[in-house]
Amino acid sequence: MAQKKSSRKSSPRKSAQSGDNLRLDGDVLEGFYRTAQRIRTFEQRVEKAFEDNLIKGTAHSSVGQEAIAVATCATLRADDFIATHHRGHGHCIAKGASIDRMMAELMGRVDGYCQGLGGSMHIANLDLNILGANGIVGAAMPLGLGASLAAKIRGTDQVAVSFFGDGGANQGLFHEAMNLAAVWKLPLIFICENNQYALSTAMESTTSVARISDRAVAYGVPGTTVDGNDAAEVFHVVQDAVDRARAGEGPSLIEALTWRWGQHSVRGGIRDPRADEVKEYWLARDPLKRLEKDLLAQKVTTKKGLNAIRTQAVQEVEDSIEFGAASPEPDEATMYASVYSPHASYDEPTSHGDRPLTYTEALNEAMHQEMARDESVFVMGEDIGATGGIFGTTKGLYDKYGADRVRDTPISEPAFCGAGVGSAVAGLRPIVEVQIFDFVTLMMDMLVNQAAKLRYMMGGDLTVPLVVRGPQGGGIRLAAQHSQSLEAWFTHVPGLVVVAPSTPYDAKGLLTAAIRDDNPVVFLEHKLLYFGDAEPVPEEPYAIPLGKADIKREGTDVTIIATQAMVARALSAAQQLENEGISVEVIDPRTLRPLDEETILESVRKTNRLVIVHEAWTKGGFGSEVSAMVMEKAFDWLDAPVTRVGAPDVPMPFNDRLELAVIPSVERIVAAVHALY
C-alpha cells in the first residue's frame, strides 16, 4: 500500500520486497505468527465463553487487527510503555501479558491482572508497562503523553505508544495531545487503528479527511498510512518511528488501515451496516493468512508446522479458561482496599513560629521545598513558568528548577491534565495548576474517569500521585465563569482526595502532604485568600495529615463548620456572638474528602447545634453531605435542625453589590445561629 509523508529512511532491517510486502526474517516471521495466532485464538474463545456465560458484561474483539498489535509491540523494549483502548486484548498479549491472567480478569476473578475489578476494557499491568486498556474513547493518548513526558523528564530513551481508533481521531484530545507532544518533542507514537467504523457509523460519515495521517502535517510531525493487515509493513514503519522517538526527534502518527471482523462488541444485537462485498475483500486480506503464506513461501515452516502452532494456541487458551474458572471471585475487602492508597501519618508542628507568610507565599514555599526534596515532583500549567502564575503561586520555580520541571502548557486542559495522570502512573509526582478552577470542567474526564479510577480498575496495583490545584470562588468580580466553587463535584467521586485550606499555615502543610500522597488530590485555593494577611508559618518543611480537621475556635453552645474563605467570616461571627453570650465552636475540615467526621460529631455532641457555611450553592453543596452525616450519626444530640449557609441558586453575578449578596456574609452567619434558638 502506498504510504504518505513517511519518515522512513534506509535501514539494514529492510530486505527485498515480496509483492507489496517488506519481507521479514524467517524467525521473526514465525514469532509474529505465533503471537498473532495466540491473539486470534484468545479472542475467538472469549466470544464462545461469553455465549456460555463464563464471561459477563462485554468484550471487544480485535480479530482481524492482529498484525498491528504484533508488529508494533515487536519494536518495543520491555521498559517502553503502551496505552490502549477497549479493543486492547491483542496489544496486551503482544506486549507479553499472561493469557491465564487476562482470561481470569475477563471472568471477573481475583487472579486476573486487576483482581476482577477492571474486566475486558481495563486490563493493565505496570510490570509490563501496560498503562491500561481504557473504556473511554481516546484516553490512551493523554496517558501515553504523560508516560512519554515522564521518560523525557527522567532523561531515559523509553518511548510510549498510544493506540486509538478512527473514532478517537475525531476527538479534541487527539489534536491537543498531538500538539503538546510536538511542542515538547515527546517520544510518543500515535497509532490509529483505522478499522473504518465506529460502533456502527462509517468513517466517511464522521471524518473530514480521506486519511487520518493527513492531519499530522498540521503539527509538524511525520504522518504515515500503512496496510494494517501487513505485519511486515507495520513493523518497519513503526520501527522507524520508535528510532526517531528514541533519538529525541519527537512524535509520529501512523494510521494502520484494517478491518474488525465482528460487530462492535460480543454482546451483538446491533445491525451490522457493512456491505458483504467489502467484508469479503477484507477477509481475503486476513493478516494471519498473509503471514502463513509468507512462512510457507520462505520455507520457514510447513502446513504441519502451522497446524502445530494453532494447536498449541488452542491448548494454551483452553488452559486459561480452566485457570480463570478455578480462580476465586474477589471479595468486598478487595474492592474497598483498591480505591485509595493509604495516607501517610504526620505530626503537625507544635508551634507556628513568628515568621509571617501570605497564603500565596506559603503555597509557593511548599512547592519549592518539595521540588528540592524530590526530583520526581514537577509543575505544569498555563503561564506558570517565567510569569509565575497569574496569582504568583509558582513564582521563582522556573528560575530554580528550569523548563523541564516547570512547564508552561498550551491552553489544553484535557491534554495537560491527562499528561499529569499518565506521568503519575509512570512514577512522577506532577502538580497541575488550573489557571482558574472553573476550567476544571474541561478536565473532568481525566480526573473522574482516569485519575480517580485507574488504581481501582487495576485492582489497587498502582498509585496516581497527582495534585491538581488552583483558585476557585468569588469575591474579585470575575463573574459566572471564573468564580464558581465546585468542591461538591469532587467530594462525590471515590478515588479523589479533596483539600481546601483556609490559612497560610494550613496551605503549606496540606500542599506538602498532597504532593507526597499517592492519590490524586484536588487542591482548592480560594482567590480571596491570596490577598489575605500574612500569618505565622514554620520555615522548615512540614505536612499536615490529610483527613484531619482543625478546631479554629472552641465553644460550647453551637458548632459552625466553615470552609476556605468562610472560616475567617465564621470566626468574626463567633466573636460577635460571644458578645451576645453565645459560645461558638468553629471547625475547619481542611480536607473535605476524606472528612474528619469524628471531630465534627464530637463537637455536635457537645454543643447540640450545627451551622454549615460554604460559598458554594446551598442546594447540592458539600454542606448537604455534612448535614446528612450528622443527622444519621448524631441526631439524638441535636436540639435544633442543622442549618446551611451558602450561595443562593444563581451563578455568580458581575455587579459588585450583587456579588456581595451572593457570598455568605458575617451577618448571614450570625442570623443563622440566632435562628437555632
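Residues numbered from 1 in each chain as written. Predicted model: local features only at pLDDT ≥ 70, side-chain atom pairs only at ≥ 80, totals over all residues. Heavy atoms only, no water.

Focus on the sheet that holds strand S12 (residues 467-472)
Hydrogen bonding along the main chain pairs the strands of a sheet, whether they run parallel or antiparallel.
No. 1: Spatially, the 7 strands line up as an open sheet ordered S10-S9-S11-S12-S14-S13-S19, and their pairing is mixed. The two strands at the open ends of the sheet, each matched to only one other strand, are strand S10 (406-408) and strand S19 (591-593). Neighbour to neighbour, the strand axes of the sheet diverge by 20° on average, direction disregarded.
No. 2: In this sheet, strand S14 (residues 521-526) lies alongside strand S13 (residues 497-499) in parallel orientation, the contact comprising 3 bridges. Within S14, the position partnered with Val498 by the bridge is Val522.
No. 3: Where helix H13 (residues 397-405) meets the sheet, its contacts fall on strand S9 (377-381) and S10, and the angle it forms with S10 comes to roughly 70°. (Pairing = 2+ DSSP bridges. Helix = DSSP H or I, 4+ residues; strand = E, 2+ residues; numbered from the N terminus. Axes fitted to C-alpha atoms, helices over the stretch in contact; angles between N-to-C directions. Contact = heavy atoms within 4.5 Å.)

Quick word on the sheet that holds strand S5 (residues 188-194)
No. 1: In space, the 5 strands of this open sheet follow the order S3-S4-S5-S7-S6, with parallel pairing throughout. The open sheet has two edge strands with one neighbour each: strand S3 (81-83) and strand S6 (223-227). Across this sheet, the average inter-strand angle for adjacent strands is 20°, counted without regard to direction.
No. 2: Against the sheet, helix H5 (residues 140-154) engages S3, strand S4 (160-165) and S5, with an angle of about 175° to S4.

Side note on the packing of aromatic side chains
No. 1: Inspection of the entire model under this criterion finds 11 aromatic pairs.
No. 2: Between Tyr197 and Trp259, the aromatic rings sit 6.2 Å apart at their centres with planes inclined by 85°, giving edge-to-face as the arrangement. Note that Tyr197 is positioned in the loop between S5 and S6 and Trp259 in the loop between strand S7 (252-257) and helix H8 (276-283), a separation of 62 residues in sequence. Judged on exposure class, the residue Tyr197 and its partner Trp259 are both buried.
No. 3: Arranged with centres 6.2 Å apart and planes meeting at 85°, the rings of Phe437 and Phe490 form a pair that is edge-to-face. Linking Phe437 in the loop between strand S11 (429-433) and helix H15 (444-451) with Phe490 in helix H17 (residues 487-491), this pair joins segments that are 53 residues apart in sequence.
No. 4: Relative accessible area serves as the criterion here: at 1%, Phe437 is assigned to the buried category.
No. 5: Here the aromatic residues Tyr197, Trp259, Tyr281 and Trp282 are joined through ring pairs into a cluster of three or more.
No. 6: Over the aromatic face of Phe654 sits the side chain of Arg477, whose NZ or CZ is 4.1 Å from the ring centroid. (Phe/Tyr/Trp six-rings, centres within 6.5 Å; stacked < 30°, edge-to-face > 60°. Buried < 20%, exposed > 50% of the residue type's maximum accessible area, 1.4 Å probe, protein only. Lys NZ or Arg CZ within 6 Å of the ring centre and 35° of its normal.)

Digging into the state of the cysteines
No. 1: What the rule picks out here adds up to 0 disulfides.
No. 2: For Cys73, which is in no disulfide, the shortest distance to another cysteine sulfur is to Cys92 and amounts to 8.5 Å.
No. 3: For Cys73, a relative accessible area of 6% corresponds to the buried category.
No. 4: With no disulfide partner, Cys114 has as its closest neighbouring cysteine sulfur the one in Cys92, 8.9 Å distant. (Disulfide = S-S within 2.5 Å.)

Examining the packing of helix H4 (residues 99-106) against helix H10 (residues 303-326)
No. 1: Close contact between H4 and H10 brings their axes to 8 Å; oriented N to C, the two are set at 50°. Classified by the angle between their axes, H4 and H10 sit oblique to one another. In the crossing of H4 with H10, the sense of the turn from one axis to the other is right-handed. Where H4 abuts H10, its residues Ile99, Asp100, Arg101, Met103 and Ala104 lie against Glu316, Val317, Asp319, Ser320, Ile321, Phe323 and Gly324. (Parallel < 35°, antiparallel > 145°, perpendicular 65-115°, else oblique. Left-handed = near helix turned anticlockwise from the far one by under 90°.)

Digging into the packing of helix H9 (residues 287-297) against H10
No. 1: In contact at an axis separation of 10 Å, H9 and H10 are set at 140° when each is read in the N-to-C sense. When the interaxial angle is binned, H9 and H10 end up oblique. Between H9 and H10 lies a crossing whose hand is right-handed. Residue-level contacts link Glu292, Leu295 and Leu296 of H9 to Lys303, Leu306 and Arg310 of H10.
No. 2: The class makeup of the residues in the contact of H9 with H10 is 3 nonpolar, no polar and 3 charged. (Nonpolar A, V, L, I, M, F, W, Y, C, P; charged D, E, K, R; others polar.)

Considering helix H1 (residues 26-51)
No. 1: The first and last C-alpha atoms of H1 sit 38 Å apart over 26 residues, in line with the 38 Å expected at 1.5 Å per residue.
No. 2: Looking one or two residues beyond H1, the residue adopting positive phi is Asn53, at roughly 70°. (Expected span 1.5 Å × (residues − 1).)

Section: helix H18 (residues 504-516)
No. 1: For H18, which comprises 13 residues, the first-to-last C-alpha distance of 19 Å matches the rise-based estimate of 18 Å (1.5 Å per residue) to within 8%.
No. 2: With 12 of its 13 residues buried, H18 lies for the most part within the structure.
No. 3: For H18, the set of buried residues is Pro504, Tyr505, Asp506, Ala507, Lys508, Gly509, Leu510, Leu511, Thr512, Ala513, Ala514 and Ile515.

Some thoughts on the pattern of salt bridges
No. 1: Taken as a whole and judged by the stated rule, the model has 36 salt bridges.
No. 2: For Asp227, the salt bridge identified is with Arg285, shortest N-O distance 2.5 Å. With Asp227 in strand S6 and Arg285 in the loop between H8 and H9, the pair connects residues that are 58 residues apart, well separated along the chain.
No. 3: In this structure Asp227 comes out as buried when scored by relative accessible area, which is 2%.
No. 4: Close ionic contact of Lys633 with Glu597 constitutes a salt bridge, the shortest N to O distance being 2.6 Å. Note that Lys633 is positioned in helix H22 (residues 622-634) and Glu597 in helix H21 (residues 597-607), a separation of 36 residues in sequence.
No. 5: Its relative accessible area of 42% is what places Lys633 among the partly exposed residues.
No. 6: A relative accessible area of 28% means that Glu597 is categorised as partly exposed. (Salt bridge = Lys/Arg side-chain N within 4 Å of Asp/Glu carboxyl O.)

Notes on unusual backbone geometry
No. 1: With an omega of 0°, the peptide bond between Arg593 and Pro594 qualifies as cis.
No. 2: For Pro594, the location among the structural elements is in the loop between S19 and H21.

Describing the confidence of the model for the protein chain
No. 1: Looking at the protein chain, the pLDDT average stands at 94 and 97% of residues meet or exceed 70.
No. 2: Low confidence marks residues 1-21, where pLDDT is under 50. Its contacts with residues over four positions away, or in another chain, come to 51 contacts. (pLDDT = per-residue confidence, 0-100.)

What to know about the pairing of S4
No. 1: Counting buried residues in S4 gives 5 out of 6 residues, a clear majority hidden from the surface.
No. 2: In terms of strand pairing, S3 meets S4 through 3 bridges, oriented parallel. Its bridge partner lying in S4, Phe81 is registered against Ala160.
No. 3: Note: S4 against S5, 6 bridges, orientation parallel. Looking across to S5, one finds that Phe164 is bridged to Cys192.
No. 4: The β-α-β motif built from S4, the intervening helix H6 (residues 172-183) and the parallel element S5 has right-handed crossover chirality. (Right-handed = clockwise from strand over helix to strand, strands pointing away.)

A short note on the pairing of strand S17 (residues 558-562)
No. 1: Most of S17 sits inside the fold, with 5 of its 5 residues counted as buried.
No. 2: Here S17 shows no split at all, with Val558, Ile560 and Ala562 on one side and Thr559 and Ile561 on the other all buried.
No. 3: Summarising the sheet, S17 and strand S18 (residues 584-588) pair through 4 bridges and their orientation is parallel. The residue of S18 that forms the bridge with Ile561 is Ile587.
No. 4: With respect to chirality, the unit in which S17 leads through helix H20 (residues 565-578) into the neighbouring parallel S18 is right-handed.

A look at the environment of Pro330
No. 1: Inspection of the secondary structure puts Pro330 in the loop between H10 and helix H11 (332-337).
No. 2: Given a relative accessible area of 25%, Pro330 falls into the partly exposed group.
No. 3: Each C-alpha atom of the pair Pro330 and Gly112 lies 9.7 Å from the other, and the pair is 218 residues apart in sequence.
No. 4: Discounting chain neighbours no more than four positions away, the residues touching Pro330 are Gly108, Arg109, Val110, Gln115 and Gly116.

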